[in-house]
Amino acid sequence: MLKADEERRLTTIMAVDVVGYTRLMSEDEAGTLAALREVRSTIVEPLVSQFGGRIFKLMGDGALIEFPSVVNAVQCSVEIQNALATRSPDWPDGRRIELRAGVNLGDVIAIGSDLYGSGVNLAARLQGLAEPGGVCISAAVHEHVGGIQNWTWKDMGEQLVKNLAKPVRVYGFASKTPTESVQPLPQKRLTRSRPSVAVLPLANMSGDPEQEFFADGLTEEILTALSRFRGLLVISRNSTFKYKGQPIDIRQVSRALGSDYIIEGSVRKTADRVRVTVQLIDGETDQHVWADRYDRNLTDIFALQDEIATAVVATLPGRIEAATRDIVARKQTDNLHAYECVLAGKTLHHRSTAESNEAAQAMLDRAIELDPNYAHAHAWKACVIGQRWANGWCADRDATWAMVTRELEIAMSLDENDSDVQRLLAAVCLVSNEHERALYHQERALALNPNDDLIVVQQGELLTWMGKADEGISWILKAMRLNPYHPERFWNHLGRSYFVARRYNDAIGAFRRITVPDQFHFAFMAAIEAKLNNLAATSHYIREVLAREPGFSSSSYVQALHYMRPEDAEHHLEALVAAGLPK
């Protein structure tokens, strides 16, 4: 029975203590005490407060802290270790303050402001098992945080600890060693498995407006190089280029894009040389993590891009296996003029107008004229022509489509390791309803560049056409995360996936995000509302369809779609006919 002033509750306890406290005190008592007070007042107490914790007991070399949230407790423990790691290089050798931490979720007995019981005792035992600069957690804690943090917990197996009859399973995480330069991890990052980075458009410092193509293109190439690192979540160029030429507030941009880190810099190109300055900035604190300047001959431009990408990745939290990265080797052109033409063509393509499309093809034709074996130029020419075909900016659709396939065949023969080649081949195969071939090329594209939002959304689109709508939804949502300013058509892909998954209310929500609907959009809306038995809404959308296409045929429309499973096509046709549209 508990006494009147006692309360039993489930809570999270963090225990911390100083490594080598006795030795430090014996060597320099006054200096050690001063250092401990500084650590407590400038690191431990502010972070505990930030994460909603409460220090309920102080010892000479440590503390016991209560948190209402398991996640906050673990985040706080790692923040403390990272903050100490950044501070410790300033301390003399042998005088460095290092902590061990343990976190447990368990029953405690509260008497006034103090806590007792096995929950507290196990936290203290876990702290004793941690490495210097590390954290150990119990299995109960790991159930809550093992899958959502951007570090890897090592299963240390079952451990026998003092005063507990049964062994306990322990998981450990070692902080970076104090000699490394490590930036603290803001709280928002710890909810993802990978840190995210946004590359802002490099500023053109050449004084020549025509060099904007070069600066924008180099930005894209750095972004693409970074995207090949599987340990990174890279925000797409469509999102970051919205900030081109604008005054930047790093914290605001970081929040808007959901990025942990921001890369910004400038390009100055003169004659046959280029100078690139690049800065990696912590998006939470607006502090510079790393900066460098590259002054190179233009003949080194491709090595320069990989060098910048490698340097950035090497500085990110966790040192994301930079030594074992698998950057796919792409064949590059030796003709720098051709390279610049491709950069210009890409930039024009992204403007998505008939005029810029025509200008983009002219630039890519020039690149191919200068270097007929430049695979990336052929791939992007196919992309530009495909844009023309999709938007109806051509007189002969069959001839235009033949040009797309021809350019892709050439690109594939020259370099099958170009992700854009594989992405576009997958799209071409899908148009021809060759789903298995499309999946082959799609998976190749995804392996080559897993952070390209266009590749990721196409994965979701293809899976939906193949009858795997639930998987497709996940991929489309991931693409939207990669590119918060994604093209509006992503909502169409998501709406279709929800419809195929029979999630009609979700489908309505996605389709309503489309601002410039056409008859096919309204037909989809009519079909969904019919499924939901919303007769007034169904009638409204039918009128919209027939106003735009009086001869609309549900059968002809569905036959032109790319469903692999007959039941998915039948489901769509049945919904259109049930809505009242002509069969």
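Report on the accompanying structure. No experiment lies behind these values; they were computed from the predicted model shown.

Scanning the chain from terminus to terminus reveals 23 helices and 14 strands. Considering the chain as a whole, with its 583 residues, one finds that 53% of them fall into the buried category. In the chain, once contacts between residues fewer than 6 apart in sequence are set aside, the share between residues at least 24 apart is 66%.

Below, the discussion takes up the nonpolar core. Core analysis: the biggest nonpolar cluster contains 51 residues, and L494, F499, I528 and L581 have the highest contact counts within it. For I528, the contacting residues outside a window of four places in its chain are F499, Y504, A507, I508 and F511. Core analysis: the second largest hydrophobic core is formed by 46 residues, V384, I385, A411 and L424 among them.

Overall, the coordinates contain eight aromatic pairs when judged by the stated rule. Both rings, one in F520 and one in Y557, keep their centres 5.3 Å apart while their planes meet at 20 degrees; by these two values the pair is stacked. Placement of the pair is F520 in helix α20 (residues 519–531) and Y557 in helix α22 (residues 554–559), with a sequence separation of 37 residues. Summarising the aromatic geometry, the rings of F552 and Y557 are spaced 5.7 Å apart at their centres and angled 50 degrees between planes, so their arrangement reads as tilted. Taking relative accessible area as the criterion, F552 reaches 3% and is therefore assigned buried. Of the residues examined, Y557 reaches a relative accessible area of 9% and is grouped as buried.

Once that is clear, we can look at the pattern of salt bridges. Inspection of the entire model under this criterion finds 20 salt bridges. The partner of D365 in a salt bridge is K381, with the nearest N and O atoms 2.9 Å apart. Of this pair, D365 sits in helix α11 (residues 354–370) while K381 sits in helix α12 (residues 375–391), placing them 16 residues apart in sequence. Look at K381 and you get buried, because its relative accessible area is 12%. For D568, the salt bridge goes to R502, with nearest N and O atoms at 3.5 Å. Placement of D568 in helix α23 (residues 566–579) and of R502 in the loop between α18 (489–500) and α19 (504–511) is noted, with a sequence separation of 66 residues between them. Residue D568 is classed as buried on the basis of its relative accessible area of 1%.

Position of S138 relative to the elements: it lies in strand β6 (residues 134–138). Reaching out from S138, the side chain makes a polar contact with the side chain of N104 at a distance of 2.9 Å. In this structure, S138 is in contact with V103, N104, L105, L122, L126, R169 and Y171, ignoring residues within four places of it in sequence.

This part is about the environment of Y541. Counting through the fold element by element, Y541 comes out in helix α21 (residues 535–548). With 19 residues separating them in the primary sequence, Y541 and F522 have C-alpha atoms 5.4 Å apart. When residues no more than four places from it in sequence are discounted, the contact partners of Y541 are F522, M525, A526 and E529.

Procedures and definitions
Residues numbered from 1 in each chain as written. Predicted model: local features only at pLDDT ≥ 70, side-chain atom pairs only at ≥ 80, totals over all residues. Heavy atoms only, no water. Helix = DSSP H or I, 4+ residues; strand = E, 2+ residues; numbered from the N terminus. Buried < 20%, exposed > 50% of the residue type's maximum accessible area, 1.4 Å probe, protein only. Contact = heavy atoms within 4.5 Å. Core = buried A, V, L, I, M, F, W, Y, C linked by side-chain atoms within 4.5 Å. Phe/Tyr/Trp six-rings, centres within 6.5 Å; stacked < 30°, edge-to-face > 60°. Salt bridge = Lys/Arg side-chain N within 4 Å of Asp/Glu carboxyl O. Polar contact = N/O pair within 3.5 Å; in protein donor to acceptor, adjacent residues only side chain to side chain.

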